[in-house]
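Close look at the chain arrangement
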Amino acid sequence: MEQQEAAAHECKLEELELPTLDLEHESSSRFTEQLAAACRDHGVFRLVNHGVPADLTARLFRLTRDLLNTDPAKKAKLPGYFWGTPALSLRVKDLNLVEGLHLAPDNASADSPDDDGGAYSAFREAVTAEYVAHMARIARNLFDALAGVNDLALALDAEQRASYLDERGGTFRAYRYPACDPAAGRQHLGMEPHTDSSVLSILNMDLVGGLQVLVRDGPASRWCAVRPVEGALVVNLGDMMQAMSGGAYRSVEHRVVAPPPGTERMSLCYFAFPQEDAVIVPSHGPGKEERYRAFSYREFREQVQADIKATGAKVGLARFRIPDHPSPPTQ
Ligand SMILES: O=C(O)CCC(=O)C(=O)O
Ligand SMILES: [Fe+2]
């Protein structure tokens, strides 16, 4: 792991040529073709003409920075404040150099005890009344386009289309990857390698860079950098999409390296989930790379939490995979 991290920082990584999808496309059949190809190939793409106002993004970056540039005791009292990424892995918690604010339907109305100047209220209002509505619109748009691709990777009926993506259940996180001490060098990752548990995730990042994705090439794999592009969102698929599509669409493994010394990095991330109790029945059949048993998102989340508690790491979809060759019964 240490060697891998050193390599992440020392050599200039190859950049991944990401496909760019245009949400204001003129031909929906061409759009769905490109979208399905992006989801099959890497599970990550750029999105332009998405309709999120640039000044809303700038305002959220500014509000997040103001809220997090206060003393540690004060910001620790902000609703949804976190340091490190405990949800991903308890074991390496302290190695992740990231802090942020988490807003989910269950904490969206909590009041900040020290909201002097109303900065937290302004932040929450911008997220819940504006930003999340754009994200839910984009997630629905992409999901419905994928469900309409006629190669049957996601052959969903109307009820499944509605319950496999819950526009009201999305969560939002504003992240700040702090500048590290130039003398200490870049010793840690901003965020360790992981896949998202979401259906899809929408990332809105500044221009510092640091996001990397694992590109699979047969049995081999290599980390590639994702170059930020002004005004473009980055969308990556999560575990739920991989399961729903029987492995045809990839939940891409990714990580964030710490920013260069003296520079901080910020990103706004939205995660779209299925309705908690909707039973996901993964599609099987020709062209489907993996078989999973049916499960609900609630079950998946509880299994992830139990694995993290027991072993320090997320196991994820492997828990739900049906093996090709069942092992012989033990005696
Ligand atoms: O900050 C980023 O660009 C990515 C964050 C991420 O991967 C996550 O929150 O799951
Ligand atoms: Fe992620």
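Structure: see above.
To start, this report covers the structure provided alongside it. Every chain is numbered on its own, with residues counted from 1 as its sequence reads. As they are written, the chains are lettered A onward and the ligands numbered 1 onward, keeping that order. Reporting of local features is limited, given that this is a predicted model, to residues whose pLDDT is at least 70; pairs of side-chain atoms are given and counted only at 80 or more, and all residues count toward the totals for whole chains, interfaces and linings. Working from all heavy atoms in the structure, the side-chain values ignore hydrogens and water.

Most of strand β5 (residues 171-177) is tucked away: seven of the seven residues are buried. Buried residues are those whose accessible area, probed at 1.4 Å on protein chains only, stays under 20% of the maximum for their type, while exposed residues exceed 50% and partly exposed ones sit between those limits. Each helix is a run of H or I in the DSSP string that is no shorter than four residues. Each strand is a run of E no shorter than two, and both are numbered from the N terminus. Every second residue of β5 is oriented toward a common face, with T171, R173, Y175 and Y177 on one face and F172, A174 and R176 on the other, all of them buried. Of the pairings in the sheet, the one linking strand β4 (residues 99-103) to β5 comprises five bridges and is antiparallel in character. Bridge assignment links H102 to a residue of β5, and that residue is R173. By this definition, two strands are paired if DSSP reports at least two bridges between them.

The next thing to look at is the packing of helix α2 (residues 28-41) against helix α5 (residues 119-147). Working convention: axes come from line fits to C-alpha atoms, limited for helices to the stretch in contact. Angles between N-to-C directions cover 0 to 180 degrees. Axis separation between α2 and α5 bottoms out at 9 Å; the angle between their running directions is 95°. The angle between α2 and α5 places the two elements in the roughly perpendicular class. For the pair α2 and α5, the contacting residues are F31, T32, L35, A36 and C39 in the first and L142, A145 and L146 in the second. The residue inventory of the contact of α2 with α5, partitioned by class, reads seven nonpolar, one polar and no charged. Roughly parallel refers to an angle under 35 degrees, roughly antiparallel to one over 145, roughly perpendicular to one between 65 and 115, and oblique to any angle outside these ranges. Two residues form a contact once any of their heavy atoms are found within 4.5 Å. Here the nonpolar group is Ala, Val, Leu, Ile, Met, Phe, Trp, Tyr, Cys and Pro; Asp, Glu, Lys and Arg are the charged ones; every other residue, Gly included, is treated as polar.

Once that is clear, we can look at the coordination of the iron ion (ligand 2). Each protein donor to the iron ion (ligand 2) is listed here as H194 (NE2), D196 (OD) and H254 (NE2); together their distances run 2.1 to 2.2 Å. Donor residues for the iron ion (ligand 2), ordered by position in the chain, follow H-x1-D-x57-H. With D196 in the loop between β6 (189-194) and β7 (200-205) and H254 in strand β11 (residues 254-257), this pair connects stretches of sequence that are 58 residues apart. By relative accessible area, which is 7% here, D196 ends up buried. Overall, H254 belongs to the buried group, its relative accessible area being 5%. Donor atoms: N, O and S within 2.8 Å of the metal, or within 3.2 Å for Na, K and Ca. Because water is excluded, sites can look incomplete.

For salt bridges, the criterion is a side-chain nitrogen of Lys or Arg within 4 Å of an Asp or Glu carboxyl oxygen. Summed over the entire model, instances satisfying the criterion amount to 18 salt bridges. One salt bridge in this structure joins E14 and R222, with 2.8 Å as the shortest N-O distance. Of this pair, E14 sits in the loop between α1 (2-10) and β1 (20-22) while R222 sits in strand β9 (residues 220-225), placing them 208 residues apart in sequence. Residue classification places R222 among the partly exposed residues on the basis of a relative accessible area of 33%. E264 is the salt-bridge partner of R65, the closest N and O atoms lying 2.9 Å from each other. With R65 in helix α3 (residues 54-68) and E264 in the loop between β11 and β12 (265-272), the pair connects residues that are 199 residues apart, well separated along the chain. You can call R65 partly exposed: its relative accessible area is 31%. Sharing partners across several salt bridges, the network here consists of R65, K75, E99, R176 and E264.

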